[in-house]
Amino acid sequence: MSRILLMHPILDPGPQILAEAAEVIAYPAGGPLDEASIRQAAEGCVGIVSQLMDPIRETVLSTPGLKCVSNVAVGFDNIDVAAATAHKVMVTNTPGVLDDATSDFAFTLLMTTARRVVEADHFIRSGQFHGWAIDMMLGQDIYGATLGIIGIGRIGRGVAHRAKGFNMRILYYDPQPLPQEAEEQLGATRVDLNRLIAESDFISVHVPLTPETQHLISTPQFNAMKRNAILVNTSRGPVIDEAALVEALNAKKLAGAGLDVYEREPAVHPHLIPMANVVLAPHIASATVRTRSEMSAMAARNMATAVRGGRPPNLLNPEVKR
Ligand code: NAD
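Residues numbered from 1 in each chain as written. Predicted model: local features only at pLDDT ≥ 70, side-chain atom pairs only at ≥ 80, totals over all residues. Heavy atoms only, no water.

### Examining the overall build of the protein
Scanning the protein from terminus to terminus reveals 12 helices and 12 strands. Taking 20 Å as the expected radius of gyration for a compact globule of 322 residues, we find that the protein reaches 21 Å, a close match to that expectation. With the principal axes as the frame, the protein shows a C-alpha extent of 70 × 50 × 35 Å. By residue count, 50% of the 322 residues in the protein fall in the buried class. Considering only residue pairs separated by 6 or more positions, the protein has 58% of its internal contacts joining residues 24 or more positions apart. Here the protein displays about 15,100 Å² of accessible surface, and carbon together with sulfur accounts for 54% of that area. One way to put it: in the protein the 28 positive side-chain charges average out to a point 3 Å from where the 33 negative ones average out. (Helix = DSSP H or I, 4+ residues; strand = E, 2+ residues; numbered from the N terminus. Rg over C-alpha atoms; globule rule 2.2 N^0.38 Å. Buried < 20%, exposed > 50% of the residue type's maximum accessible area, 1.4 Å probe, protein only. Contact = heavy atoms within 4.5 Å. Areas by Shrake-Rupley, 256 points an atom, 1.4 Å probe, with all protein chains shown as cover. Lys, Arg positive; Asp, Glu negative; His and termini not counted. Charge placed at Lys NZ, Arg CZ, Asp CG, Glu CD.)

Take a look at the structure:
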């Protein structure tokens, strides 16, 4: 029976789907996540079920007999897809099933930051609430504000749908324009990045991490933001220059930030920790029971199909399997 390496546990029904297709070898819990260790564990395996913290690059992809890497995520910046293609290794991801959970969470961060919910909760729990006051915990209006969406793919569009219900003016920046019908339906206007930055009260980032999007938001962008702007990031940490964000927040160049992802995850820039106008989440945008289960099933089905010699439904490098 073929062997596959499961880097981290996945949720039901993923394990059953994998077990029906192959012998599953579990990577040691808490084991080192460097390429050499993963390569060693992958010897003799036809597949690896990976997650975003697993570096799957040349060293791993050159493992003899390796046929498929199935990432339990829609983002695949942890995998060198070009090297996989060169070694004829299929790479798959889990698009679509996490759109609603992730869009909901981007909106949750937007609202929580704008209305200072985390700060308010701490205020109560630390015994500081002694009665209503007209100037207590003043936040930013959401209804009717301008939202700038950077990257209007599956999740960016989901955020736009939600924003429509809040009567927001929607600007977006994406090299791929939406079809005219979708623009009209969402009430979204395509603009360049400079205009989006300059006019938005809220900026929500939904691009993949690529060499082009690394530090897409850095000092020049922070300098051009409205002083009341709130930045939300549920994409990947390195899209935002975290040191520049800290500087900009200290200089009050923007009003706050809602972050799910970090430049050096799981490390968080220490200066962000005490900032009351920053809401920090531990990379949980897709973390609902249903979504994580569907991601697990989808990743397992991709792997099972590859192991059986088929073409996985979510193949990122179709040139490997004609
Ligand atoms: P998608 O491919 O459907 O959409 C990405 C969009 O970004 C596309 O429309 C693309 O044209 C656009 N884009 C690419 N480069 C750009 C650039 N330089 N400037 C502006 N736009 C650019 O992807 P998706 O399914 O919407 O997911 C987006 C990203 O969100 C994923 O790649 C992943 O990294 C991240 N994500 C994070 C979580 C989380 O748990 N925090 C969950 C799901 C997805």
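### Focus: the packing of aromatic side chains
If you walk through the whole model with that rule in mind, you get one aromatic pair. Where F107 meets F166, the ring centres are 5.1 Å apart and the plane angle is 40 degrees; that geometry is what we call tilted. One end of the pair, F107, is in helix 5 (residues 99–114); the other, F166, is in the loop between helix 7 (154–165) and strand 7 (169–173), with 59 residues separating them in the sequence. We classify F107 as buried; its relative accessible area is 5%. For F166, a relative accessible area of 26% gives the class partly exposed. (Phe/Tyr/Trp six-rings, centres within 6.5 Å; stacked < 30°, edge-to-face > 60°.)

### Looking at the packing of helix 1 (residues 14–21) against helix 12 (residues 289–307)
Any two packed helices are characterised by the angle at which their axes cross and by the distance between the axes. In contact at an axis separation of 8 Å, helix 1 and helix 12 are set at 5 degrees when each is read in the N-to-C sense. Judged by the inter-axis angle, helix 1 sits roughly parallel to helix 12. Contacts between helix 1 and helix 12 involve G14, I17, L18 and A21 from the first element and S296, A297, A300, R301, M303, A304 and V307 from the second. (Axes fitted to C-alpha atoms, helices over the stretch in contact; angles between N-to-C directions. Parallel < 35°, antiparallel > 145°, perpendicular 65-115°, else oblique.)

### A look at the pattern of salt bridges
Under the defined criterion, the tally for this structure stands at 10 salt bridges. Residue D121 pairs with R125 through a salt bridge whose shortest N-O separation is 2.5 Å. With a gap of four residues between them, D121 and R125 both fall in helix 6 (residues 117–125), about one helical turn apart. The partly exposed category is assigned to D121, whose relative accessible area is 33%. (Salt bridge = Lys/Arg side-chain N within 4 Å of Asp/Glu carboxyl O.)

### Quick notes on the site of the ligand
Neighbouring the ligand are 25 residues, the closest being R154, I155, D174, T234 and D260. Here a nitrogen atom of the ligand and a backbone polar atom of T234 are 2.9 Å apart. At 3.3 Å from an oxygen atom of the ligand is found a side-chain nitrogen or oxygen belonging to H283. The fraction of the free accessible surface of the ligand (860 Å²) that becomes covered by protein chains is 85%. By residue class, the composition of the shell around the ligand is 10 nonpolar, 11 polar and four charged. (Near = heavy atom within 4 Å. Polar contact = N/O pair within 3.5 Å; in protein donor to acceptor, adjacent residues only side chain to side chain. Nonpolar A, V, L, I, M, F, W, Y, C, P; charged D, E, K, R; others polar.)

### Here's the deal with the domain arrangement of the protein
Domain annotation for the protein reports domain 1 (3–96 + 289–307) and domain 2 (99–280). Every contact between the two is made by eight residues of domain 1 and, on the other side, five residues of domain 2. Around 600 Å² of area is buried between domain 1 and domain 2 when both sides are counted, 47% of it from carbon and sulfur atoms. For the domain 1 face of the interface with domain 2, the top three residues by lost area are L52, D77 and G96, together amounting to 60%. (Domains from an automatic or database assignment. Buried area = accessible area lost by both parts, 1.4 Å probe.)

### Section: a nonpolar patch on the surface
A contiguous nonpolar surface patch, about 210 Å² in accessible area, is contributed by L33, L52 and M53. Along the chain, L52 turns up in the loop between strand 3 (47–50) and helix 3 (58–61). (Patch = residues over 30% accessible without salt bridge, like charges linked within 9 Å, V, L, I, M, F, W, Y side chains within 5 Å.)

### Quick look at the side chain of S204
Within the element layout of this structure, S204 appears in strand 9 (residues 202–205). Of the polar contacts made by the side chain of S204, one reaches the side chain of H206; its length is 2.7 Å. Beyond its immediate stretch of four places on either side in the chain, S204 contacts A106, L147, G148, I149, I150 and V232.

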